[in-house]
Amino acid sequence: MIDLRSDTVTKPTEEMRRAAFEAEVGDDVYGEDPTVIKLEREAATILGKEAALFVTSGTQGNQVAVLTHTRPGNEILLEANSHIFYYESGAVAALAGVQTRTIQGINGEMDPIEVEAAIRTEDQHFPETGLICLENTHNRAGGAIVSPENMKAIYTLGKKHSIPVHIDGARLFNAVYASGRDIREFTDHCDTVQICLSKGLGAPIGSIIAGDHTFINRARKWRKRLGGGLRQVGLVAAPGLVALTTMRERLVEDHEKAIVLKETLQACKGIEVINQVDTNIVVADVKGRGETADQFIDELKEKGIQAVTFGPTLVRFTTHYDVTMEEINKVSEILRNLS
Ligand code: TLP
């Protein structure tokens, strides 16, 4: 089976498994796990923030960030198809008690003018705007890169209105290596950032949130409240450190594989690629084949390819390091021969 459902499906490399086996560990709730400390320091340095915190997942990282930045009754501004809004089981309402106000973006980018217009003024009828969330790359926009210029414009108005900005950077390094821009051009334009070690970087588990010392100290308490204070978690942080330090540059290979897939899909009768394919995600509309996404996916599965539904007639393919260029060529051949 060639699994293109997500870059979350990657299995840990030999080096990651060895790092887990050999990891020096301690009780991380006492702040005594040397491997976790090393990972958090390294991540903070790379992301250009004062401090970082190891969390179990991207969802936990985003939720801890929302909980730390806001108070119940706040309103948060976020893109209409953002992961925090679309894919986190309503957690911001269930956990932080905030309401969401969504803004429809174009290729994942919200118009700063619309963002500013949505910020609440002081009035007893209104909730207070507690946070602005960005997502980069933007998953449902097809792995689209949100430009540092767009981020800067939104961060600047966040500062003007004293509203913090959080980035869901589950795939931020894809944006960095596809755009050729420096990581700081992205992370300088937010107060806090969440990055996933377990997507394109290939770690089995884990995410990082980064921000200033005050934020991270408060976030640590929220992580504890959520049951995310783990003990000898260096076993998991060690492969995360390998992912963070050795797997970033190779993301460009995933982007090259996505372009090959895009070109093949575009040449297929009845299929239209609807995203720009900035990074490792290709979204295909199969409406022209007279099929639903689920029917098309079942057909592909019989031929040894896995993908996911992204809408009634939309199918998402995601490239990653566990799928080689040879396998992508094989997928292309199968797609070309579809009836
Ligand atoms: N995305 C997953 C699914 O949840 C949809 C995927 O296969 O793409 N932010 C973004 C932008 C994400 O794409 C994801 C995962 C997360 C956060 C959550 O990460 P995890 O799965 O570690 O909680």
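As recorded by an unreviewed UniProt entry, the protein chain carries the name Aminotransferase class I/II-fold pyridoxal phosphate-dependent enzyme and is attributed to Rossellomorea aquimaris. In its Cofactor (unreviewed entry) section, the UniProt record describing the protein chain reads: "pyridoxal 5'-phosphate". Of the protein chain, the UniProt comment under Sequence similarities (unreviewed entry) reads exactly: "Belongs to the threonine aldolase family."

**Some thoughts on the site of the ligand**
Surveying the vicinity of the ligand reveals 15 residues, the closest of which are S6, G58, T59, D168 and R171. Note that an oxygen atom of the ligand is positioned 2.8 Å from one of the backbone N or O atoms of G58. D168 is positioned with one of its side-chain polar atoms (N or O) 2.6 Å from a nitrogen atom of the ligand. Contact with the protein chains covers 81% of the free accessible surface of the ligand, which is 520 Å². Considering each element in turn, the shell around the ligand owes the most residues, three residues, to helix α3 (residues 58–69). Among the residues making up the shell around the ligand, the classes are represented as two nonpolar, seven polar and six charged.

**Topic: the pattern of salt bridges**
A full pass over the atoms with the stated rule returns 17 salt bridges. Salt-bridge contacts for D285 lead to K287; the nearest nitrogen and oxygen are separated by 3.3 Å. Overall, K287 belongs to the exposed group, its relative accessible area being 54%. Each of the salt bridges in this network shares a partner with another, and the network as a whole consists of R250, E253, D254 and K257.

**Looking at α3**
Look at α3: 17 Å from first C-alpha to last across twelve residues, which is about the 16 Å you get at 1.5 Å a residue. Most of α3 is tucked away: eleven of the twelve residues are buried. Of the positions making up α3, those classed as buried are G58, Q60, G61, N62, Q63, V64, A65, V66, L67, T68 and H69.

**Observations regarding the sheet that holds strand β9 (residues 272–273)**
The strand order across the open sheet built from four strands is β9-β10-β13-β12, with neighbouring strands paired in antiparallel fashion. The open sheet has two edge strands, β9 and β12 (308–311), and neither has a second partner. One ladder, built from three bridges, connects β12 with strand β13 (residues 314–318); its direction is antiparallel. Directly across from T309, in β13, lies its bridge partner V315. Against the sheet, helix α12 (residues 251–266) makes contact with β9, β10 (281–285) and β13, and its axis sits at roughly 10° relative to β10, the strand it touches most. In the packing of helix α13 (residues 293–302) onto the sheet, the strands contacted are β12 and β13, and the crossing angle to β13 comes to about 45°.

**Observations concerning the packing of α12 against helix α14 (residues 325–336)**
Taken N-terminus to C-terminus, the directions of α12 and α14 make an angle of 10°; their axes are 10 Å apart at the nearest point. As judged from the angle between their axes, α12 and α14 are roughly parallel. Residue-level contacts link E256, K257, V260, L261, T264 and L265 of α12 to M325, I328, N329, V331, S332, L335 and R336 of α14.

What counts, and at which threshold
Residues numbered from 1 in each chain as written. Predicted model: local features only at pLDDT ≥ 70, side-chain atom pairs only at ≥ 80, totals over all residues. Heavy atoms only, no water. UniProt positions renumbered as here; feature names shortened; annotations may be inferred. Near = heavy atom within 4 Å. Polar contact = N/O pair within 3.5 Å; in protein donor to acceptor, adjacent residues only side chain to side chain. Areas by Shrake-Rupley, 256 points an atom, 1.4 Å probe, with all protein chains shown as cover. Helix = DSSP H or I, 4+ residues; strand = E, 2+ residues; numbered from the N terminus. Nonpolar A, V, L, I, M, F, W, Y, C, P; charged D, E, K, R; others polar. Salt bridge = Lys/Arg side-chain N within 4 Å of Asp/Glu carboxyl O. Buried < 20%, exposed > 50% of the residue type's maximum accessible area, 1.4 Å probe, protein only. Expected span 1.5 Å × (residues − 1). Pairing = 2+ DSSP bridges. Contact = heavy atoms within 4.5 Å. Axes fitted to C-alpha atoms, helices over the stretch in contact; angles between N-to-C directions. Parallel < 35°, antiparallel > 145°, perpendicular 65-115°, else oblique.

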